[in-house]
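# Observations on the model geometry
This is what each chain is made of:
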Amino acid sequence: MQVPKYFYVIVGGGLAGLQLARQLSRDIFFKGKQIAVIDPDFKAPSKTWSFWEKNTGKWDKLVSKRWKIGRFITSGINKKLELEPYQYKMIKAEDLYRETLAELEASPDIHLIRDEISEIDPVTREASGKINNYTATHFFDSRVNPEYMEEGKHTLIYQHFKGWEIETTEPVFSPEEFTMMDYRLKYKNATAFTYILPVSETKALVEYTFFTPFLTEERVYDEMLKRYLNEFLKVKDYKIVSTESGIIPMTDFPFEAENTSKITKIGTGGGWVKASTGYSFKNTEKKVDTIIENIKTGDFPGENLINKKFKRYDGIFLDVLANNNEKGESIFTKFYTKNNPEEIFSYLDEETSFSEDLKIMMSLYSFDFIKSFFRKAF
Ligand SMILES: Cc1cc2nc3c(=O)[nH]c(=O)nc-3n(C[C@H](O)[C@H](O)[C@H](O)COP(=O)(O)OP(=O)(O)OC[C@H]3O[C@@H](n4cnc5c(N)ncnc54)[C@H](O)[C@@H]3O)c2cc1C
């Protein structure tokens, strides 16, 4: 069988692959260049993406709910987070997939191919699939290198969670306020909290989330969700409309070290998930823009995608959480009460100066951070 030739091959039609293909297909610079996006099924997962951004954004048409106020809650604190100039926005995966795939299907330069890639040979520039092989001048690869799970120099904890989208008969939620973290319902000594995205007074996504070195059984999430609804929201009469669950690696593993002149790792597989938060939606948008800029200026596409300074900060933060998991609540309490949301979001967006970073670090200061600093440095 003849090996089809493309200018670019994007392995994986998930968040990163679809965003990259969409931006390439919209840019006149790439007009006429044939681009294959390869995925086993292009099926939208049952998930929502939330992110913060200032004012309007590229995905506003698909935003199903936005908030200007958040809450940070512990047994002693109920802190109102006034987000302006930011907004916290939510997009359903099914909406993003539907719109983006329809746009890509209509593009003469994009080829959506159902296949699964096992290997990319950088010498022959050939990707091996189950159905066919594909050659390209450059590959963008969203497969995740499983080595990040191996014990070693790198720190790894998991953000793992299960959410219920519920509908209640009585009004329960304040649709104008989402809950970033509620630490009142505790799971042993772990960093674990409840996250709530209310879309109306009677409908919300309620998630129980862990940031821990361990994973847990399915029934644990269900028990915690049931308890939260009964004990804290005092709601008895509700129905579960849909569920969402996931495991997101929070790690300083150098995924980006695999980038070469022929292959750029993208998405989770490229280290685009912010190690200290597990967020990657907004990062994906920014890194896709950087890739396109790199190509236009003649650099390798994968150049300068990861900010080393913030990667180091995240590594220290993860080390503290990995070694003192029982202290997550107090660390996040300092983070959310000693800094305002604008400082927090710009720091997490990696847009702060060194003096602004110092202010955040001083707000978290403890001996644990000093220990982790030295552990990560040597
Ligand atoms: C349930 C859940 C909720 C999340 N919510 C948020 C959120 O609210 N905000 C946020 O910022 N981040 C969130 N994240 C983190 C992150 O944004 C997502 O995981 C995001 O989907 C990562 O994008 P990706 O393209 O790397 O991976 P994916 O979106 O998972 O896409 C990878 C694609 O590659 C394909 N693929 C895999 N192997 C192969 C192969 N061998 N050949 C061809 N194709 C292959 C898969 O089929 C898949 O379509 C969430 C993650 C999860 C799991």
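Residues numbered from 1 in each chain as written. Predicted model: local features only at pLDDT ≥ 70, side-chain atom pairs only at ≥ 80, totals over all residues.

Take the site of the ligand next. In the vicinity of the ligand, 29 residues are found, and the nearest of them are G12, G14, A16, G246 and G267. Per element, the largest residue contribution to the shell around the ligand is four residues, and it comes from strand β3 (residues 48–54). For the shell around the ligand, the per-class residue count stands at twelve nonpolar, twelve polar and five charged. (Near = placed C-beta within 6 Å. Helix = DSSP H or I, 4+ residues; strand = E, 2+ residues; numbered from the N terminus. Nonpolar A, V, L, I, M, F, W, Y, C, P; charged D, E, K, R; others polar.)

A sheet is described by the order of its strands in space; here three strands give the open sequence β3-β7-β4, paired in antiparallel fashion. Single-partner strands in this sheet number two, and they are β3 and β4 (63–67). Across the sheet, the mean angle separating the axes of adjacent strands is 25° when strand polarity is ignored. Pairing analysis gives four bridges linking β4 to strand β7 (residues 86–92), with the strands arranged antiparallel. Looking at the pairing, V63 lines up with I91 of β7. With respect to the sheet, helix α2 (residues 93–105) is in contact with β3, β4 and β7, its orientation differing from that of β7 by roughly 75°. (Pairing = 2+ DSSP bridges. Axes fitted to C-alpha atoms, helices over the stretch in contact; angles between N-to-C directions. Contact = placed C-beta atoms within 7 Å.)

Of all the positions in helix α7 (residues 341–348), only P341, I344, F345, Y347 and L348 are classed as buried. Viewed along the axis of α7, the buried residues span an arc of 160°, placing them on a single side of the element. Those residues of α7 that are buried are in contact with β3, β6 (78–82), β7, α6 (328–338) and α8 (354–364). Among the residues trailing α7, E350 stands out with phi positive, at a value near 60°. (Buried ≥ 20, exposed ≤ 12 C-beta atoms within 10 Å, placed from the backbone. Arc of directions from axis to C-beta.)

Let's shift gears to the domain arrangement of the chain. One can read the domain layout of the chain as domain 1 (5–48 + 93–147 + 253–296), domain 2 (157–243) and domain 3 (308–377). Taking the mean C-alpha position of each, domain 1 and domain 3 sit 31 Å from one another. Of the residues lining the interface, four residues belong to domain 1; the matching set on domain 3 comes to four residues. Residue composition of the side of domain 1 that touches domain 3, by class: one nonpolar, two polar and one charged. (Domains from an automatic or database assignment.)

With respect to burial, strand β2 (residues 35–39) is a largely interior element, five of its five residues being buried. The two faces of β2 match: I35, V37 and D39 on one face and A36 and I38 on the other face are all buried. Sheet analysis places β2 next to strand β8 (residues 110–114), joined by five bridges and oriented parallel. Counterpart to V37 in the pairing with β8 is L112.

Next up on the list: the packing of helix α1 (residues 15–26) against α2. Interaxial distance between α1 and α2 falls to 10 Å at its minimum, and their mutual angle equals 40°. Here α1 is positioned oblique relative to α2, judged by the angle of their axes. For the pair α1 and α2, the crossing hand works out as left-handed. Across the interface between the two elements, L18, A21, R22 and S25 of α1 pack against T100, E103 and L104 of α2. Across the contact of α1 with α2, the residue classes break down as three nonpolar, two polar and two charged. (Parallel < 35°, antiparallel > 145°, perpendicular 65-115°, else oblique. Left-handed = near helix turned anticlockwise from the far one by under 90°.)

Moving on, we come to the sheet that holds strand β13 (residues 177–182). Read from one edge of the open sheet, seven strands run β6-β5-β13-β14-β15-β12-β16, paired in mixed fashion. Every interior strand has two partners, whereas the edge strands, β6 and β16 (238–251), have only one. When strand polarity is set aside, the average angle formed by the axes of neighbouring strands in this sheet is 20°. In terms of strand pairing, strand β5 (residues 69–73) meets β6 through five bridges, oriented antiparallel. Counted as the bridge partner of I73 is N78 from β6. Where helix α3 (residues 218–231) meets the sheet, its contacts fall on β12 (156–168), β14 (192–200), β15 (203–212) and β16, and the angle it forms with β15 comes to roughly 130°. Lying on the sheet, helix α5 (residues 308–323) is in contact with β12, β15 and β16; it crosses β12 at an angle near 80°.

Moving on: the nonpolar core. Note that soluble globular proteins tend to have their nonpolar side chains buried in a common cluster. Core analysis: the largest hydrophobic core is formed by 83 residues, its most contacted members being V9, I10, L20, A21 and I35. Aside from chain neighbours lying at most four places away, what touches A21 is I10, I35, V37, L104 and I110. (Core = buried A, V, L, I, M, F, W, Y, C linked by C-beta atoms within 7 Å.)

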